[in-house]
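What follows is each chain in one-letter form.
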Amino acid sequence: MYIAAPIALVLIGLFALFQLALASGAPFGHFAWGGKYRVLPKKLRISSLVAVVIFGVFAAFILSKTDWLPIINNQFVVQVGLWVIFAYLVLMILANGVSQSKYERYTMTPITALLAVCFLVVAIS
């Protein structure tokens, strides 16, 4: 867990920064949200901001499980949350894997898979 948790936190941070960049108008849209737009339209920019919040929640569960920063005090909630996040990440692997964007398929799929493995390791620890 003490290797998987820091890797997960770094990946979460990178995903959050990436989504912030997309929300700010960076031309990396072909790596996300199906890859249809190089610069995201307003609706998808808002979705990117929501994703940043979601990644913050992901980090809170990792930090709480490791007791590095116990944001969530109920360990049952933490454990269930970790499994729910893991399941969500598995769905994201599938979604990225069938994306019409080759950029999203070949970059986000393996990165999301690594993040899912990290969550799995933390959840079973």
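The structure contained in this document is the topic of the report that follows.

Rules and cut-offs
Residues numbered from 1 in each chain as written. Predicted model: local features only at pLDDT ≥ 70, side-chain atom pairs only at ≥ 80, totals over all residues. Heavy atoms only, no water. Phe/Tyr/Trp six-rings, centres within 6.5 Å; stacked < 30°, edge-to-face > 60°. Helix = DSSP H or I, 4+ residues; strand = E, 2+ residues; numbered from the N terminus. Buried < 20%, exposed > 50% of the residue type's maximum accessible area, 1.4 Å probe, protein only. 1 Å grid on protein atoms, 1.4 Å probe; cavity = no way out; pocket = protein on both sides within 12 Å on 5 of 7 lines; lining within 4 Å. Points joined across faces, edges and corners; volume = space filled by probe spheres on them. Nonpolar A, V, L, I, M, F, W, Y, C, P; charged D, E, K, R; others polar.

### Observations regarding the packing of aromatic side chains
- Tallied over the full model, the rule gives 7 aromatic pairs.
- Ring geometry for tyrosine 2 versus tryptophan 68: centroids 6.1 Å apart, planes at 45 degrees, classification tilted. Here tyrosine 2 is found in the segment before α1 (4-23), whereas its partner tryptophan 68 is found in the loop between α2 (42-66) and α3 (75-97), with 66 residues between them in sequence.
- A ring pair is formed by phenylalanine 15 and phenylalanine 55, whose centres lie 5.4 Å apart and whose planes are at 5 degrees; its orientation type is stacked. Taken as a pair, phenylalanine 15 in helix α1 and phenylalanine 55 in helix α2 lie far apart in primary sequence, 40 residues in all. Phenylalanine 55 shares its class with phenylalanine 15; the two are buried.

### Observations regarding the layout of surface pockets
- Approximately 410 Å³ is the volume found for the largest pocket.
- Lining the largest pocket we find 23 residues, and of these Gln19, Trp33, Tyr88, Met92 and Asn96 sit closest to its centre.
- Listed by contribution, the elements that provide at least two residues to the lining of the largest pocket are α1, α2, α3 and α4 (102-124).
- No other element matches the 6 residues that α2 contributes to the lining of the largest pocket.
- Taken together, the residues of the lining of the largest pocket break down into 16 nonpolar, 6 polar and 1 charged.

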